[in-house]
Amino acid sequence: MIPAGPDPRQDPRAVESLLAFWAQAGVEACFDDAPVDRTAEAARMMRAPPPPPPRVPAPVGRLPVRGGPDASAALAEAHAAAAAAGDLAALEAAIAAFDGCGLKFEGARQAVFARGAPDAPVMVIGEGPGADEDAQGAPFVGRAGKLLDKMLAAAGLTGRVFITNTVYWRPPGNRTPTPQEQAVCQPFLERAVALVKPRFLLLAGGASAKSVLRREEGILSLRGRWFDWTSQDGAQTVAAMPTLHPAFLLRQPAAKKKAWQDLLSLTERLDRPA
Ligand code: URA
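A brief report on the enclosed structure follows. (Residues numbered from 1 in each chain as written. Predicted model: local features only at pLDDT ≥ 70, side-chain atom pairs only at ≥ 80, totals over all residues. Heavy atoms only, no water.)

## A look at the pairing of strand S5 (residues 227–230)
The cut-off we apply is this: Categorising residues by exposure relies on relative accessible area from a 1.4 Å probe, with only protein chains included: less than 20% of the type maximum marks a residue as buried, more than 50% marks it as exposed, and the intermediate range marks it as partly exposed. Strands here are runs of E lasting at least two residues and helices are runs of H or I lasting at least four, both read from the DSSP assignment and numbered beginning at the N terminus. Two strands are said to pair when DSSP picks up at least two bridges between them.
Residues Phe227 and Trp229 point to one face of S5 and are all buried, whereas Asp228 and Thr230, pointing to the other face, are not buried. Between S5 and strand S6 (residues 237–243), which follow one another and run antiparallel, lie 6 residues, and Gly234 among them has a positive phi close to 75°.

As structure tokens, then:
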């Protein structure tokens with residue numbers, strides 16, 4: 001029942017406030033071509049018997065990525081596109097043109113590849129773009145990214161990092177990317193490592209560490225330890241350290257001490273005389 005007085009649905013400020021509420025809750029994508037009057041729909045449902053569950057067709061151009069022949073076709077396509085990229089600009093263009101990761105069709109505005117020095121000795125690999133990254137087209141540019149930049153600056157790493165993610169499209173509602181989504185993006189990540197040739201990988205958060213290192217332990221057990229990361233074809237090996245994700249540090253500031261220890265371990269190896 002709408003209370004007496006002006007109808008809030010006609011008030012632009014009320015509509016803006018409701019939209020801001022949904023955006024903050026992570027609802028930013030509209031999947032229907034035409035607006036739906038949910039109030040009329042609710043009234044209709046009160047009268048009609050419940051319809052059978054709808055069959056949702058896959059969006060045009062999307063390849064299923066959960067196993068099966070389409071997943072291996074998408075992976076083969078990713079390998080071919082990544083291998084053909086002769087430099088980072090070509091790799092970025094290849095990622096943007098790639099249709100084999102379902103995340104591309106789940107509301108992301110654009111592909112988000114990387115930022116930083118193209119010949120950096122350290123490659124930071126996060127989980128995947130969030131809302132700010134999706135809007136700006138660069139990784140780690142939101143609150144977590146600002147904290148990451150401050151920590152890197154304090155450790156003397158400004159200008160010495162190349163920053164990217166395990167997936168290149170924002171997962172809807174900022175959910176963790178699935179192992180399948182990470183797997184189909186992996187050829188691009190491996191190509192980025194081959195082109196940048198970092199001496200060290202810094203893996204930010206459990207979703208990155210588990211996917212890149214192909215390990216099952218949680219981040220609290222993985223962080224601060226050194227691992228040898230080897231590419232799928234065995235051609236590249238790079239020393240890698242998992243650390244806590246800056247978004248986690250924003251929620252648990254007491255854990256910053258551990259992340260700081262990890263960074264010191266990294267800089268100690270980086271600056272160790274040959
Ligand atoms: N979190 C990530 O893991 N990556 C980003 O780019 C931003 C936030």
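## Some points on the packing of helix H6 (residues 143–154) against helix H11 (residues 256–270)
Note the cut-off: Angles shown run from 0 to 180 degrees and are taken between the N-to-C directions of axes, each axis being a line fitted to C-alpha atoms and, for helices, limited to the stretch in contact. Here the word oblique covers every angle except those under 35 degrees (roughly parallel), over 145 (roughly antiparallel) and from 65 to 115 (roughly perpendicular). Each crossing gets its handedness from the near helix: less than a right angle anticlockwise from the far helix is left-handed, clockwise is right-handed. Between two residues, a contact is recorded if the distance between any of their heavy atoms is within 4.5 Å.
Running from N to C, H6 and H11 cross one another at 50°; their axes reach a closest spacing of 10 Å. Classified by the interaxial angle, the pair formed by H6 and H11 is oblique. Two packed elements cross with a definite hand, and for H6 against H11 that hand is right-handed. On H11, the residues that touch Leu147, Met151, Leu152 and Ala154 of H6 are Lys256, Ala259, Trp260 and Leu263.

## Here's the deal with unusual backbone geometry
A positive phi angle is found at Phe140, which is not glycine, with a value near 50°. Checked against the element boundaries, Phe140 lands in the loop between helix H5 (131–136) and H6.

## So, the side chain of Gln182
Where we set the bar: Whenever two N or O atoms come within 3.5 Å, that pair is a polar contact, provided that in protein one can donate a hydrogen and the other can accept it, and provided that, for residues adjacent in sequence, both atoms are side-chain atoms.
Position of Gln182 relative to the elements: it lies in helix H7 (residues 179–196). On the basis of relative accessibility, which here comes to 7%, the residue Gln182 falls in the buried class. In terms of polar contacts, Gln182 uses its side chain to reach the side chain of Thr166, at 3.1 Å. For Gln182, the residues in contact, after removing those within four places along its chain, are Thr166, Val167, Pro177, Ala207 and Ser211.

## So, the nonpolar core
Our working definition: We call a set of buried residues a nonpolar core when its members are Ala, Val, Leu, Ile, Met, Phe, Trp, Tyr or Cys and they connect through side-chain atoms within 4.5 Å of each other.
In terms of nonpolar packing, the biggest core is built from 62 residues, with Leu91, Phe113, Leu157, Trp169, Phe188 and Leu201 touching the most fellow members. For this core, the leading source of residues is H7, giving 7 residues. Other than its neighbours up to four places away in sequence, Phe113 contacts Leu88, Leu91, Glu92, Ile95, Pro139, Phe162, Ile163, Thr164, Asn165, Tyr168 and Ala192.

## Considering the packing of aromatic side chains
Counted only if it meets this: By convention, a stacked pair of Phe, Tyr or Trp rings (six-membered ring in the case of Trp) has centres within 6.5 Å and planes under 30 degrees apart, an edge-to-face pair has planes over 60 apart, and any other such pair is tilted. Criterion for a charge above a ring: Arg CZ or Lys NZ at most 6 Å from the ring centre, at most 35 degrees from the ring normal.
Scanning all chains against the criterion turns up 6 aromatic pairs. Judged by centre distance (6.4 Å) and plane angle (85°), the ring pair of Tyr168 and Phe188 falls under edge-to-face. With Tyr168 in the loop between strand S3 (161–165) and H7 and Phe188 in helix H7, this residue pair connects regions lying 20 residues apart in the sequence. The exposure classification of Tyr168 matches that of Phe188, with both residues buried. An aromatic cluster is present here, built from Phe98, Phe113, Phe162, Tyr168, Trp169 and Phe188 joined pairwise through their rings. The ring of Trp226 has Arg269 sitting right over it, with the charged end atom 4.5 Å from the ring centre.

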